[in-house]
Amino acid sequence: MYAIIDIETTGGSQKIHRITEIAIYLFDGTKLVDQFTSLVNPDAFIPPNITRLTGITNEMVAKAPRFFEIAKKIVEITDNATFVAHNATFDYRFVQAEFKRLGYDYSRQTLCTVKLARKYLPGHGSYSLGVLCGDLGININGRHRAAGDALATLELFEILLKKNPNIIDHEIISVKKKAENIAPHLNPEKLLQIPESTGIYYFHDANDDIIYIGKSINIRKRVHEHITRPTTKRATEMLSHITDISYETTGSELIALILEADAIKQHLPKYNKRGRRRTSPYGLFSFEDNEGYTNLAIKKIADTNGTP
């Protein structure tokens, strides 16, 4: 199942801008089976240049549902579906960011029709949705509106499917094949279970010893980079010994950094070059201020007992 998705936003950064409209068309490979479209009240001002581009005004979204009011529907309609979009990284990251503000980890397999079109429909001067659809004779009824762009993306996706019926799994298959060649003792299905969340990850060998510990704001992406693009002989050697991968999500890059440093000192993984020292000249200390509030501070450790 494939969820063809397009969003409109107040700007280009998922960290500071918000979604103003979303359209989702659920496609089973041959026909539409469900759909959902809605304006979204972003609780933020829509700049005039964005209104000129999309036609969406502050007045239009004033009484629209806020994202938290439609979040359940988005989760349900995209459940067990691949997230398909034109420039998927943009749409997917925005949707993830909206869910993150609600304290929910939204994770789906993704496919980008820009990347797929470059591979299977070569020779176009531009792969923007407007130009590509014009070249292919796809009519966009409502350019820069979520429903119009999503339906055009759906038509493009159908053309791509005709070019290669197995196109859907090409990214997953690519990772699996590389994993089989580089990490032959690792079940590649493990790679698909890792969430796109902030946290730390552990590589285990056949004895279940931890041989490497890392951290990332997107642990799935980082682990996939390890598996598909080893950069040194040492990294390739490490991958040949991996039999399992485990992870912990932290919700915060700072917590991931602290846990990674502590875990490396505790386990002393063979392939971690940095952080293997058991002691550090600095420590994280808590203290109570004059108003009774607990504070944290990084201070130099004066002795082996950890007294600052």
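Overview of the structure. (Residues numbered from 1 in each chain as written. Predicted model: local features only at pLDDT ≥ 70, side-chain atom pairs only at ≥ 80, totals over all residues. Heavy atoms only, no water.)

The secondary structure content of the protein chain amounts to 12 helices and 10 strands. Principal-axis analysis of the C-alpha atoms gives the protein chain an extent of 70 × 55 × 35 Å. By residue count, 43% of the 308 residues in the protein chain fall in the buried class. Roughly 16,800 Å² of accessible area belongs to the protein chain as shown, and the carbon and sulfur atoms make up 49% of that amount. Positive and negative charge centroids in the protein chain, built from 39 and 36 side chains respectively, lie 7 Å apart. (Helix = DSSP H or I, 4+ residues; strand = E, 2+ residues; numbered from the N terminus. Buried < 20%, exposed > 50% of the residue type's maximum accessible area, 1.4 Å probe, protein only. Areas by Shrake-Rupley, 256 points an atom, 1.4 Å probe, with all protein chains shown as cover. Lys, Arg positive; Asp, Glu negative; His and termini not counted. Charge placed at Lys NZ, Arg CZ, Asp CG, Glu CD.)

Its identity is not glycine, yet Asn 80 carries a phi of approximately 60 degrees, on the positive side. Checked against the element boundaries, Asn 80 lands in the loop between α3 (67-78) and β4 (82-85). The exposed category is assigned to Asn 80, whose relative accessible area is 69%. The phi dihedral of Asn 87 falls on the positive side, at around 65 degrees, and the residue is not glycine.

To continue, consider the sheet that holds strand β1 (residues 2-9). Read from one edge to the other, the open sheet built from five strands follows the order β3-β2-β1-β4-β5, with strand pairing classed as mixed. Both edges of this open sheet fall to β3 (32-39) and β5 (110-112), since each of them pairs with a single strand only. Going from strand to strand, the sheet's axes swing by 20 degrees on average, the running direction of each strand aside. Where β4 lies against β5, three bridges are found, and the strand directions are parallel. The partner of Ala 85 across the bridge, within β5, is Cys 112. Against the sheet, helix α4 (residues 88-101) contacts β1, β2 (19-27), β4 and β5, and its axis sits at roughly 80 degrees relative to β1. (Pairing = 2+ DSSP bridges. Axes fitted to C-alpha atoms, helices over the stretch in contact; angles between N-to-C directions. Contact = heavy atoms within 4.5 Å.)

Moving on to helix α6 (residues 129-136). Within the sequence span of α6, burial applies to Leu 129, Leu 132 and Cys 133. Buried residues along α6 cover an arc of 95 degrees about the axis, so they all sit on one side. On its buried face, α6 is in contact with α5 (113-120) and α7 (146-163). In the stretch just after α6, Gly 137 is the one whose phi turns positive, near 75 degrees. (Arc of directions from axis to C-beta.)

Residue pairs three or four apart in sequence face the same way in an α-helix, which turns once every 3.6 residues. Taking 1.5 Å of rise per residue, 12 residues should cover 16 Å, and α3 covers 15 Å from first to last C-alpha, within 8% of that figure. The secondary structure elements touched by the buried residues of α3 are β1, β2, β3 and α4. Asn 80 occupies a position one or two residues after α3 and carries a positive phi of about 60 degrees. (Expected span 1.5 Å × (residues − 1).)

Bringing the packing of α5 against α7 into the picture now. Packing of α5 against α7 leaves a shortest axis separation of 10 Å and a crossing angle of 40 degrees. With respect to α7, the element α5 is oriented oblique. Judged by the sense of rotation from one axis to the other, the crossing of α5 with α7 is left-handed. Contact residues: Thr 113, Leu 116, Ala 117 and Tyr 120 in α5; Thr 153, Leu 156, Phe 157, Leu 160 and Lys 163 in α7. Here the contact of α5 with α7 is built from residues that sort into six nonpolar, two polar and one charged. (Parallel < 35°, antiparallel > 145°, perpendicular 65-115°, else oblique. Left-handed = near helix turned anticlockwise from the far one by under 90°. Nonpolar A, V, L, I, M, F, W, Y, C, P; charged D, E, K, R; others polar.)

Here we take up the packing of α3 against α4. Following both chains from N to C, one finds α3 and α4 inclined at 115 degrees, their axes separated by 11 Å at the closest point. Viewed along their axes, α3 and α4 form a crossing whose handedness is left-handed. Contacts between α3 and α4 involve Phe 67, Ala 71, Ile 74 and Val 75 from the first element and Val 95, Glu 98 and Phe 99 from the second. Looking at the contact of α3 with α4 residue by residue, the classes come out as six nonpolar, no polar and one charged.

This next bit is on the sheet that holds strand β6 (residues 199-204). Hydrogen bonds between backbone atoms are what pair the strands of a sheet, whose relative direction is either parallel or antiparallel. The strand order across the open sheet formed by three strands is β7-β6-β8, and the pairing between neighbours is antiparallel. Among the strands making up the open sheet, the edge pair consists of β7 (210-216) and β8 (244-249). Strand-to-strand twist of the sheet, defined as the mean angle between neighbouring strand axes without regard to direction, takes the value 20 degrees. Against the sheet, helix α12 (residues 253-267) contacts β6 and β7, and its axis sits at roughly 165 degrees relative to β7.

Any link to function would need more than the numbers given here.
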